[in-house]
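# Tertiary structure, described
This is what each chain is made of:
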There are 2 protein chains.
Amino acid sequence: MIEDKNPKRTPLSELGEFKLIEHLTEHFEITQKSTVKGIGDDAAVLNFDKKQIVVTTDLLVEGVHFDLSYMPLKHLGYKSIMVNLSDVYAMNAKATQVTVSLAVSNRFPLEALEELYAGITTAAKHYNIDVVGGDTTSSNSGLIISVTAIGEVKKEDAVLRSGAQPNDLVVVSGDLGGAYMGLQVLEREKEVFKVNPNSQPDLTMYSYIIERQLKPEARKDIIELLEKLQVKPTSMIDISDGLSSEVIHLCKQSKVGVDIYENKIPLDPQVITTCEEFNIDSTTIALNGGEDYELLMTISQNDYEKIKGNPNLTVIGYITEAERGMHLVTRAEEKIPIIAKGWNALKD
Amino acid sequence: MIEDKNPKRTPLSELGEFKLIEHLTEHFEITQKSTVKGIGDDAAVLNFDKKQIVVTTDLLVEGVHFDLSYMPLKHLGYKSIMVNLSDVYAMNAKATQVTVSLAVSNRFPLEALEELYAGITTAAKHYNIDVVGGDTTSSNSGLIISVTAIGEVKKEDAVLRSGAQPNDLVVVSGDLGGAYMGLQVLEREKEVFKVNPNSQPDLTMYSYIIERQLKPEARKDIIELLEKLQVKPTSMIDISDGLSSEVIHLCKQSKVGVDIYENKIPLDPQVITTCEEFNIDSTTIALNGGEDYELLMTISQNDYEKIKGNPNLTVIGYITEAERGMHLVTRAEEKIPIIAKGWNALKD
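Residues numbered from 1 in each chain as written. Chains lettered and ligands numbered in written order. Predicted model: local features only at pLDDT ≥ 70, side-chain atom pairs only at ≥ 80, totals over all residues. Heavy atoms only, no water.

### Topic: the packing of helix α4 (residues 178–195) of chain A against helix α5 (residues 207–214) of chain A
Residues and elements named next belong to chain A. Defined as follows: Fitted lines through C-alpha atoms serve as axes, helices being fitted only where they are in contact, and the angles separating the N-to-C directions of these axes extend from 0 to 180 degrees. By definition, any uninterrupted DSSP run of H or I lasting at least four residues is a helix, any uninterrupted run of E lasting at least two residues is a strand, and each is numbered from the N terminus. In what follows, roughly perpendicular refers to angles from 65 to 115 degrees, roughly parallel to angles under 35, roughly antiparallel to angles over 145, and oblique to any angle outside these ranges. Two residues form a contact once any of their heavy atoms are found within 4.5 Å. Amino acids outside the nonpolar list (Ala, Val, Leu, Ile, Met, Phe, Trp, Tyr, Cys, Pro) and the charged list (Asp, Glu, Lys, Arg) are all regarded as polar, and Gly is one of them.
Close contact between α4 and α5 brings their axes to 7 Å; oriented N to C, the two are set at 100°. Here α4 lies roughly perpendicular to α5, going by the angle between them. Judged by residue contacts, Gly178, Ala179, Tyr180, Met181, Gly182, Leu183, Val185 and Leu186 of α4 engage Ile209, Ile210, Arg212, Gln213 and Leu214 from α5. Looking at side-chain class alone, the contact of α4 with α5 contains nine nonpolar, three polar and one charged residues.

### Brief notes about the interface of chain B and chain A
We count it as follows: Once two parts are joined, some of their accessible surface, as seen by a 1.4 Å probe, is lost; buried area is that loss totalled over both. The term salt bridge refers to a pairing of a side-chain nitrogen on Lys or Arg with a carboxyl oxygen on Asp or Glu at a separation within 4 Å. DSSP calls a pair of strands paired once it identifies at least 2 bridges connecting them.
Each side of the interface is counted separately: chain B has 70 residues, and chain A has 70 residues. For the chain B and chain A pair, buried surface summed over both sides reaches about 5,800 Å², with 55% attributable to carbon and sulfur atoms. The partner of Asp42(B) in a salt bridge is Arg161(A), and the shortest N-O contact between them spans 3.3 Å. It is strand β3 (residues 52–61) of chain B that provides the largest number of residues to the side of chain B that touches chain A, a total of nine residues. Classifying every residue of the side of chain B that touches chain A by side-chain character gives 28 nonpolar, 25 polar and 17 charged. Sheet analysis places strand β2 (residues 44–47) of chain A next to β3(B), joined by four bridges and oriented antiparallel. Looking at the pairing, Leu46(A) lines up with Ile53(B) of β3(B).

### Re the sheet that holds strand β10 (residues 294–299) of chain A
Residues and elements named next belong to chain A. One open sheet holds the seven strands; their spatial order is β8-β10-β7-β11-β9-β12-β13, and the pairing between them is mixed. The open sheet is flanked by β8 (235–239) and β13 (335–337), the only strands paired with a single partner. Adjacent strand axes in the sheet meet at a mean angle of 25°, parallel and antiparallel pairs treated alike. Where strand β12 (residues 326–329) and β13 come together, three bridges link them in antiparallel fashion. The residue bridging valine 329 from the neighbouring strand is lysine 335, located in β13.

The values are spatial; any link to function lies outside them.
And the structure:
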């Protein structure tokens with residue numbers, strides 16, 4: 001499938017820990033004014049005078065969060081950074097630095113880790129962040145990636161999950177459900193490949209949703225857009241587990257209720273056609289699919305004129321008093337309670 | 001062996017991810033002035049006006065960094081924090097916050113994670129730091145702990161690895177080799193236990209070195225002592241991989257050489273007697289043992305009077321010009337080159 005057969009395989013044992021870290025990290029350049037000292041000491045040294053800093057961390061585990069049979073390592077490196085930057089942007093902050101730690105088994109040759117780091121480097125360049133530290137160690141089984149991202153924000157600009165007020169509009173960036181349907185296509189092709197390794201599937205008609213799964217982008221552009229439009233959301237969260245989970249997080253922390261309108265949820269045509277093909281309800285996917293890394297926010301009605309008609313932002317509902325509860329208003333104008341499904345691999 | 005048989009076992013699947021995080025993190029209090037927002041949003045928000053911040057991260061993997069057959073989970077939680085704080089103190093900084101991420105397989109019941117978090121909580125209290133974030137996810141095999149620690153330091157106080165100058169004194173805190181010899185004793189008892197599960201070993205004579213292995217302390221007190229003595233080291237590093245590795249790191253980054261005197265290396269009497277019992281050379285252990293989490297620093301000769309006679313600090317050698325190389329001066333007054341062994345699990 002989507003796999004490079006790389007003939008060069010340098011065993012990690014040839015390098016040892018110190019040389020491995022040196023080799024993998026030597027090409028990280030320092031570009032941020034706030035980075036005083038990057039990789040190579042006991043800790044990185046950062047300087048953020050008169051700003052608040054935000055810190056977030058995520059752990060990606062092989063077999064739980066990714067499957068290397070269809071996830072190229074370079075994409076995985078890129079995605080591991082996106083997952084964390086998305087949390088920084090969800091604070092309305094500017095991402096500035098990351099640290100990357102790896103636990104890796106001996107089955108990975110050096111070239112595999114170089115691929116992974118190539119993806120990390122690409123992400124760092126595109127998003128203008130510094131890689132300032134990390135740890136590389138061995139693992140008994142699979143690959144584990146731990147990323148911590150750091151960002152800065154002016155005190156008055158930070159947006160928490162807890163600021164939504166009744167009558168605020170609920171707004172989502174981009175479209176939902178693509179990453180999950182991309183995963184369904186990849187899983188299906190993996191099964192086909194197991195039966196017939198010579199199959200050459202044409203995945204062009206799924207290109208958008210596969211890219212949403214393999215190479216998601218964190219919405220730095222939305223934070224910049226909001227600044228340009230002079231809109232400060234009242235609350236914000238990134239959509240990593242699915243819209244319904246995130247809506248519930250916002251409402252619980254803001255102590256409010258919500259009405260979300262099914263017919264307003266933005267879906268890409270490829271999501272709709274693929275859902276039809278797989279015989280799955282597209283609203284269910286948008287609500288519970290996860291991994292879209294879009295931003296869910298609430299804004300004051302006073303800001304509506306500023307965002308109206310912007311193709312990147314869709315109003316999908318409004319905030320109510322807490323006692324009104326959290327509901328989805330269906331196309332049939334039925335009100336059904338929103339329930340968290342989200343990621344729950346611990347149940348397996 | 002050192003194991004509590006806890007009859008209560010709540011499967012993690014009963015809680016799911018969100019409730020698990022909530023349950024494990026609800027007792028973390030915010031005590032740091034610099035913590036604006038802790039756990040519960042996309043990212044923590046910190047504020048360090050006019051100070052530099054330091055960031056460090058470490059990954060602990062079951063079967064590589066710890067063995068649960070003799071490492072109680074509470075100790076493991078404590079140690080996972082110490083490993084990271086030690087890196088913060090090695091910058092001459094004050095540790096202020098940590099984030100903790102876990103990947104955990106279903107074989108761990110809730111009570112096991114509670115034990116782990118009890119150790120983390122104890123560490124946070126003793127060292128006066130806030131736990132401000134993290135991620136909990138499932139793993140296919142063992143337990144993986146990723147900790148990121150954050151600290152603050154006045155611009156002029158940060159100590160890097162790169163500042164050592166010829167004629168500076170090489171100083172080490174505490175004593176060396178204890179953690180490694182404690183591990184040897186625990187490994188031996190594990191083998192005995194396999195053969196005879198009813199054995200009740202008396203480990204009193206190894207209590208210091210076992211504690212060095214199971215419950216190491218990061219040397220916050222040394223940073224406070226240096227401040228009191230008005231000594232700013234010219235370079236500093238924490239001893240996690242063994243003295244020889246750390247000496248080499250300092251010398252390479254400072255572009256200097258070193259003479260370390262074998263007869264000056266501080267050893268606890270229990271290390272000496274246990275080395276005799278195991279028929280291992282104690283200098284080899286002090287040089288390569290690792291996990292002592294003491295601080296290795298260089299200070300100007302002008303500061304010698306300030307530290308002279310302090311029981312916490314031992315002068316073990318002095319910095320030379322780079323071309324003189326890095327040497328151990330043995331008791332027989334032979335000069336032998338210092339070679340890095342350190343941690344190298346990737347070779348296995």
